[in-house]
Amino acid sequence: MKGIFCESNTKSNEEFRKVIKVRMGLQAVLAIVGLITIAVIFYLSKTNPSSLSEYLQGLYAGVGTGLFAAGTILFIKNAIALRNEEKLRKLRISNTDERLIGINHASTRVATCVLLIAMYIVALVGGVFDELLVKTMFILICLFLVSYVIAYKILEAKR
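A few points on the structure.

Conventions and cut-offs
- Residues numbered from 1 in each chain as written.
- Predicted model: local features only at pLDDT ≥ 70, side-chain atom pairs only at ≥ 80, totals over all residues.
- Heavy atoms only, no water.
- Helix = DSSP H or I, 4+ residues; strand = E, 2+ residues; numbered from the N terminus.
- Expected span 1.5 Å × (residues − 1).
- Buried < 20%, exposed > 50% of the residue type's maximum accessible area, 1.4 Å probe, protein only.
- Contact = heavy atoms within 4.5 Å.
- Disulfide = S-S within 2.5 Å.
- Phe/Tyr/Trp six-rings, centres within 6.5 Å; stacked < 30°, edge-to-face > 60°.

## Details of helix 2 (residues 54-83)
Here comes step 1: Look at helix 2: 43 Å from first C-alpha to last across 30 residues, which is about the 44 Å you get at 1.5 Å a residue.
Here comes step 2: Within the sequence span of helix 2, burial applies to Gln 57, Gly 64, Gly 71, Asn 78, Ala 79, Ala 81 and Leu 82.
Here comes step 3: The secondary structure elements touched by the buried residues of helix 2 are helix 1 (13-47) and helix 3 (85-96).

## Quick notes on the state of the cysteines
Here comes step 1: All told, the structure shown has 0 disulfides when counted by the stated rule.
Here comes step 2: With no disulfide of its own, Cys 113 lies 17 Å from the sulfur of Cys 142, the closest cysteine sulfur.
Here comes step 3: According to the relative accessible area criterion, Cys 113 is partly exposed, its value standing at 42%.
Here comes step 4: For Cys 142, a relative accessible area of 45% puts it in the partly exposed group.

## Regarding the packing of aromatic side chains
Here comes step 1: Enumeration over the complete set of coordinates arrives at 3 aromatic pairs.
Here comes step 2: Ring centres of Phe 144 and Tyr 148 lie 6.3 Å apart, and the angle between their planes is 25°; this geometry places the pair in the stacked category. Note that Phe 144 and Tyr 148 are positioned in helix 5 (residues 131-158) at a spacing of 4 residues, about one turn of the helix.
Here comes step 3: The interplanar angle of 35° and the centroid separation of 6.1 Å between the aromatic rings of Tyr 148 and Tyr 152 together place this pair among those described as tilted. A residue pair is termed a helical-turn pair when its members lie 3 or 4 positions apart in one helix, as Tyr 148 and Tyr 152 do in helix 5 at 4 residues.
Here comes step 4: Under the relative-accessibility criterion, Tyr 152 is labelled partly exposed at 44%.
Here comes step 5: Through a chain of ring-to-ring contacts, three or more aromatic side chains come together here, namely Phe 144, Tyr 148 and Tyr 152.

## Quick notes on the environment of Ala 39
Here comes step 1: Position of Ala 39 relative to the elements: it lies in helix 1.
Here comes step 2: Between the C-alpha atoms of Ala 39 and Lys 77, which are 38 residues apart in sequence, the distance is 25 Å.

Written out as structure tokens, the structure reads:
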């Protein structure tokens, strides 16, 4: 199984090397965001412990730790691949496999549909308990639909 953002249409290892370097930059940003999240939660817990519940402090600390760990591990994995031509070639082939790309696109469509349905159900059921939840869910649904249309139009114009 490939990651949701791991497809590529590169033809050579040199082209793919550039793709990997961009990914490594994003992974470094991911790790830094994780560190910042951990630092902010640690700072808030020391300076104003009552600002967030213990549950939220733990949740944010866990999210920060997960982002940092994932970013760091993926960065290291890609750095190792960049140094080894055979690993780089295998990674490029797996990232350009049309069958896997097709599976990735179909899986993304199914997951998007499930997410939209779940958000709609949460908005309807959650509205009984909290009006803000309804507004938030419908704003997110609208944000998705608007961003989809904009992205579609931009990508359509490029082709």
